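Coordinate analysis (summary)
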Amino acid sequence: MKIIIHILIIFIFNAVYCQKDLSFELINVYNEEGVEFLNLVEKNESEIYCFSNKGTYKVKNKSIVKINSREGYGYIDNNEFYYSTIINNKIKYSPKYNYLFNYNKNSQNKHSFILKGETLFIINNNKLYIYKKSIFLKKLKNKSIRSISKNHVATYDGIYTKDEKIVPNSPSYSDGFIREFNAELLVCYNGLFRKRDTIFNYYDFGNQTVFINNKNLGYIQDIYKNKKNDNYFLFTNLGLYYSNLENSLKTIDSVNTPNRLDKKSYPKFIKFYNIDSPRLLYSINNEIRIFHEKMVFTETYYSLPFTPTSISFKNDTFYLLDGKKLYILKNGKLSQSLDCENCHTVKAISDSTLAITSNYDLFKVNLKKNSKRSILKNEFNALAIETFNDTIYFGSENGLFSIPKNDFETISNDNQIVMLQKKKTDYTLYILILCLAFLGTTIFYKSYFQKDKALIITTEEKLKIDIIKFIEQHIATVNVDIILEKHNISYRKLNKILDNSPGKIIESKRKVIALNLMKKNKSLEEIALSSGYSISYLKKILKTN
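Just so we're clear, the structure is a prediction, and the values are computed from it rather than from any experiment.

Quick notes on the rules
- Residues numbered from 1 in each chain as written.
- Predicted model: local features only at pLDDT ≥ 70, side-chain atom pairs only at ≥ 80, totals over all residues.
- Heavy atoms only, no water.
- Axes fitted to C-alpha atoms, helices over the stretch in contact; angles between N-to-C directions.
- Helix = DSSP H or I, 4+ residues; strand = E, 2+ residues; numbered from the N terminus.
- Parallel < 35°, antiparallel > 145°, perpendicular 65-115°, else oblique.
- Left-handed = near helix turned anticlockwise from the far one by under 90°.
- Contact = heavy atoms within 4.5 Å.
- Nonpolar A, V, L, I, M, F, W, Y, C, P; charged D, E, K, R; others polar.
- Phe/Tyr/Trp six-rings, centres within 6.5 Å; stacked < 30°, edge-to-face > 60°.
- Lys NZ or Arg CZ within 6 Å of the ring centre and 35° of its normal.
- Buried < 20%, exposed > 50% of the residue type's maximum accessible area, 1.4 Å probe, protein only.
- Pairing = 2+ DSSP bridges.
- Polar contact = N/O pair within 3.5 Å; in protein donor to acceptor, adjacent residues only side chain to side chain.

So, the packing of helix α5 (residues 459-473) against helix α6 (residues 480-487)
Look at α5 against α6: their axes get within 11 Å of each other, and the N-to-C directions meet at 135 degrees. By the angle class used here, α5 and α6 are oblique. For the element pair α5 and α6, the recorded crossing hand is right-handed. Contacts from Leu463, Asp466, Ile467, Phe470 and Ile471 in α5 reach Ile482, Ile483, Lys486 and His487 in α6. Here the contact of α5 with α6 is built from residues that sort into 6 nonpolar, 1 polar and 2 charged.

Dropping the structure here:
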């Protein structure tokens, strides 16, 4: 219930101030013992006051100062302070508040907000929150950002430019990295798509594996170009290859146990040294290796005790995740740093700062203090952290976030971010009236029928996110039995967590993929392998669409 009220406050705020997307950084919370903050009032458009059951406070940008001990709701008229009165230990409203509120002293649903310049003040559940405008920006709202390049992003439903225009003739989704080399765009979507100016090519074998020089290379996750000779390194579930994408192909390294669904088993690009003797630094299996292009041989740099899920490299230092811990490899010595349960991607921002993402958080890591703190709550995708022109980009399930690198460095580890999504509207007054009516209804319902619920993501909500993500990642082969076995739950609990039949969810996601591939004129065999549908069923879909 509390979270409904908080969201409703933000929604009303959006209706009133519907200009553009804003994000706000939480800089202070006042939750003093025995103090119930009641309402906020602005005086002379320059001063803000907060009324409570223990007195009146003057609110500044980051602090509050008590100016008297008068208790109750208040308002200001002609620079004079007026207060509600108390009878039989209950607050009775003065006339100007009586028509807005029906106050019960035991109620926890007391709220108010004021936006002043770039500072947002909110009272919710008797706590006073102070936010300032954040430096995070957001684009491509409601798009699942899978991967990011300098001028493009790959999403679950297409490839877009950063000004939100779809790329013509491009794949309908991406499952791997998207890379740019000058005017050349490459998309790893299991198969490989290349666009050079107005010319585009697909390198696949009908089932979306990469097919070059009459050889099936498997499912591709990443690609890197040697600009000196126009050859490419291809990172697939089968191994690492070197090719001009036409008539030459070399196998550099092989994956010990290929597994299309286990992304950490894929080889990973780390760094390319484009010097007189070009070298590729990469990881494969549980090793960090170096490929010497001129001498055409590989050597092992370091053998790890695990296969990393993510690697970042900066100034001769490796930062690695294994799904549970953060490790640092420097001068040939591997050390364990921080707990990173369920974290999937690490990016070195500087010698003292890392960015780490998970299904629930963006973390800033302070290496000097060996500390990790969540600064943005969202569901982030595993391959979607990149830096371009001193700006860091993060891809989430509902949009593309960006922040200047210097600003990310200076964010306090004690700060958190709240995102307020806003859309333009011509119906502000009507929305506001409807919201107030809904607010009254929800408060009444809360008072009589419901118990308070904590303002947190529950275990079941996290499990729901994990299950949906598992379905999307294994859509071609997944079924209900696989889900039950993977998450060790009963069918009845699965239905309860998803609030829907798992079969219907699988069906709807398969249909989206199938229809998108049909629009690309892919073969029925290819669509069947990608979506999990049979060819006969796909023919039925074609007849009805």
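What about the packing of aromatic side chains?
Note on aromatic pairs: each is described by the distance of the centres and the angle between the planes. This structure, assessed with the given rule, holds 24 aromatic pairs. With centroids separated by 5.9 Å and ring planes inclined at 80 degrees, the aromatic side chains of Tyr189 and Tyr202 adopt a geometry described as edge-to-face. Linking Tyr189 in the loop between β18 (184-188) and β19 (192-196) with Tyr202 in strand β20 (residues 199-203), this pair joins segments that are 13 residues apart in sequence. An aromatic cluster is present here, built from Phe181, Tyr224, Phe233, Phe235, Tyr242, Phe269, Phe272 and Phe291 joined pairwise through their rings. A cation over a ring is seen here: Arg260 above Tyr219, with NZ or CZ 4.1 Å from the ring centre. The ring of Tyr202 has Lys522 sitting right over it, with the charged end atom 3.8 Å from the ring centre.

Here we look at the pairing of strand β4 (residues 55-59)
Each regular strand carries side chains that alternate between the two faces of the sheet. A large share of β4 lies buried, amounting to 4 of its 5 residues. In this structure, β4 lies alongside strand β5 (residues 64-68), joined through 4 bridges in antiparallel fashion. Residue pairing for β5: Lys58 is matched across the bridge by Val65.

Regarding the side chain of Asn231
In this structure, Asn231 sits in strand β24 (residues 231-236). A distance of 3.3 Å separates the side chain of Asn231 from the backbone nitrogen of Asn244, its partner in a polar contact. What Asn231 contacts, discounting residues up to four positions off in sequence, is Tyr224, Lys225, Asn226, Tyr242, Ser243, Asn244 and Ser248.

Structural measurements only, silent on function.
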